[in-house]
Amino acid sequence: MTVVEQLADFAVARRATPFAAEVRHAAVRAVVDWVSATVPGVNTRAARALTEALDPSPGPARLIPSGRLADVRAAALINGTAAHAAELDDIYRDAFYHPGAPTIAAAFAVAELVDASGEDFLRAVTIGYEIGARIALAVGPAHYRNWHTTGTVGTFGAAAAAAELLRLDPGRFAGALALAGTMTAGLQQTFRSPSTGKPLHSGHAAEAGAVAALAAEKGLTGALDVLEGPVGFGVATAGIESLSVSGLGEPFCVTQSTFKYHACCGHTFAAIDAALELRHSVRAEDVTGIEIETYETATRVAGRLDPREADEAKFSLAYTVAAALVLGSVRLQAFTPESLRDPAIRRLVDLTTARIDPDLDRLAPGRRTARVRITDRHGGTHERLRLTRKGDPDDPLSDDELRLKYDELVPHFLGAARAASIADALWGLPALKRMRALDWGRSGG
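Residues numbered from 1 in each chain as written. Predicted model: local features only at pLDDT ≥ 70, side-chain atom pairs only at ≥ 80, totals over all residues. Heavy atoms only, no water.

### Here we look at the overall build of the protein chain
In terms of regular secondary structure, the protein chain is built from 20 helices and six strands. Relative to the 2.2 N^0.38 estimate, which gives 22 Å for 445 residues, the radius of gyration of the protein chain is 21 Å and therefore close to what a compact globule would have. Seen through its principal axes, the protein chain has C-alpha atoms that stretch 70 × 50 × 40 Å. Looking at the protein chain as a whole, 58% of its 445 residues qualify as buried. Across the protein chain, every contact between residues at least 6 apart in sequence was considered, and the portion connecting residues at least 24 apart equals 77%. With an accessible surface of roughly 16,200 Å², the protein chain has 52% of that area assigned to carbon and sulfur atoms. (Helix = DSSP H or I, 4+ residues; strand = E, 2+ residues; numbered from the N terminus. Rg over C-alpha atoms; globule rule 2.2 N^0.38 Å. Buried < 20%, exposed > 50% of the residue type's maximum accessible area, 1.4 Å probe, protein only. Contact = heavy atoms within 4.5 Å. Areas by Shrake-Rupley, 256 points an atom, 1.4 Å probe, with all protein chains shown as cover.)

See below:
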């Protein structure tokens, strides 16, 4: 049995058993957080440009949150791009992977195509998270050296969610994953150089996954050994010659999500958390030096020392720590043109150095850690070590904190009444009879 056949058999066999309440609730939390990330993302350059370029024709799916009708492919692509564009989407920490952005975008589009129930939609999200995250774990850090896991493995997660909603039998479910494997894409160079293209990785994954499942339903077949074959995904993208997956459902990966507390790259979070704690003992105007010690991937991905644009600043340890010390939070305000030019923030950026700490590096990826050391003009030294990030499974956001994140982000774009109505519907997804009945507050055409 190939790996995709193993994954398909697992997914189809699970249909006979309801998910435990805590698994279903975790899926609800993931969807609420996805909307919190997607609504601000719709207003980014990436999502706006894509929507204008495609100008999608009406179809059975909807763009979020406008409710504008669109075909399944366009809805998955645009929603999936928006979900990743504001850098607020969730993380599967142990695999350098953002599962929600592509998986939930594909699930929304296909759920509306088949008019699924809220319960079926949540089951598909859970299966998509599980299959995507297990593949991401299998290819591991070697894959993430050059590839953007959200764009590559996200295609498998999206395909799995779509296949589950289409109720594909084991053979066609495996075929959907097989087709997804040859449609993956996403190079890290896109976000290591000045670019606004990174969110497209997630959107493409959502679209390609949905297409793979729809094509498999109609009989299109893929290479069933696409993951572990001699020139398959494992070898080609991670140098792994005997790729395998394990631990399916033990526990379900959707229960292990990291929900972002800051609007930027997750590799900056431990340092931001440390800086926010230090802010209580030192004033930004008194700082004369900032040292950040962290794991290697954080310095490689978020090592920009002089970012000038928002998309660069979100991948800068120096900038995000400086913004935390000056502003007291690193949410959307931190990346406005005014903040990017703020002399107080720029001064601290120029005072910052970052380096790898071998002891902290050995803890990654299971722990994302950072030490921040600040000197002040009085000769004092202030230091904080963070061994995890706020929002990680070992320091999770509560339901109330997820609601606060939603309430901080979504009403700003949709208004208080409309945002509250949507929130009520999302928290009540298990009881929703038809996904098409989910009221986004506007009709689309």
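### Points about helix H17 (residues 343-350)
Side chains of residues three or four places apart in an α-helix project in the same direction, reflecting 3.6 residues per turn. Within H17, the full set of buried residues consists of Ile345, Arg346, Leu348 and Val349. All buried residues of H17 fall inside an arc of 160 degrees around its axis, so they share one side. Residues Pro343 and Asp350 are exposed on H17 and point more than 90 degrees away from its buried face. Packed against the buried residues of H17 are strand S3 (287-294), helix H15 (317-327), helix H16 (337-341) and strand S4 (352-356). At the N-terminal boundary of H17, the capping side chain belongs to Asp342, with an oxygen 2.9 Å from the backbone nitrogen of Ala344. (Arc of directions from axis to C-beta. Polar contact = N/O pair within 3.5 Å; in protein donor to acceptor, adjacent residues only side chain to side chain.)

### Some words on helix H3 (residues 45-54)
Those residues of H3 lying buried are Ala46, Ala47 and Leu50. Down the axis, H3 shows its buried residues gathered within 95 degrees of arc, on one side only. Where the residues of H3 are buried, they touch helix H2 (21-42), helix H4 (72-85) and helix H10 (198-217). Phi turns positive one or two residues past the end of H3, at Asp55, with a value near 40 degrees.

### So, the sheet that holds S4
Taken in spatial order, the four strands make up an open sheet running S4-S3-S5-S6, and their pairing is mixed. Looking along the sheet, the strands with just one partner apiece sit at the ends: S4 and strand S6 (381-386). With strand direction ignored, the average angle separating the axes of adjacent strands in the sheet is 15 degrees. Where S3 and S4 come together, five bridges link them in parallel fashion. Looking at S4, one finds that Ile290 is bridged to Thr352. Packing against the sheet, H15 makes contact with S3, S4 and strand S5 (370-376), and its axis sits at approximately 130 degrees to S3. (Pairing = 2+ DSSP bridges. Axes fitted to C-alpha atoms, helices over the stretch in contact; angles between N-to-C directions.)

### Points about the layout of surface pockets
Of the voids in this model, the largest pocket is the one considered here, and its volume is about 720 Å³. For the largest pocket, the lining is made up of 29 residues, of which Ala310, Lys314, Leu332, Phe335 and Thr336 are closest to its centre. Counting only elements with at least two residues in the lining of the largest pocket, the list comes to H3, helix H14 (310-313), H16 and helix H19 (399-414). At four residues, H19 tops the list of elements feeding residues into the lining of the largest pocket. Grouping the constituent residues of the lining of the largest pocket by class yields 12 nonpolar, seven polar and 10 charged. (1 Å grid on protein atoms, 1.4 Å probe; cavity = no way out; pocket = protein on both sides within 12 Å on 5 of 7 lines; lining within 4 Å. Points joined across faces, edges and corners; volume = space filled by probe spheres on them. Nonpolar A, V, L, I, M, F, W, Y, C, P; charged D, E, K, R; others polar.)

### Things to note about the nonpolar core
Counting residues in each nonpolar core, the largest one holds 100 residues, and the members touching the most others are Phe108, Phe121, Phe173 and Leu227. The dominant element in this core, judged by the number of residues it contributes, is helix H6 (residues 118-144), at 11 residues. In this structure, Val287, Ile292, Phe335 and Leu340 belong to the second largest nonpolar core, which totals 42 residues. (Core = buried A, V, L, I, M, F, W, Y, C linked by side-chain atoms within 4.5 Å.)

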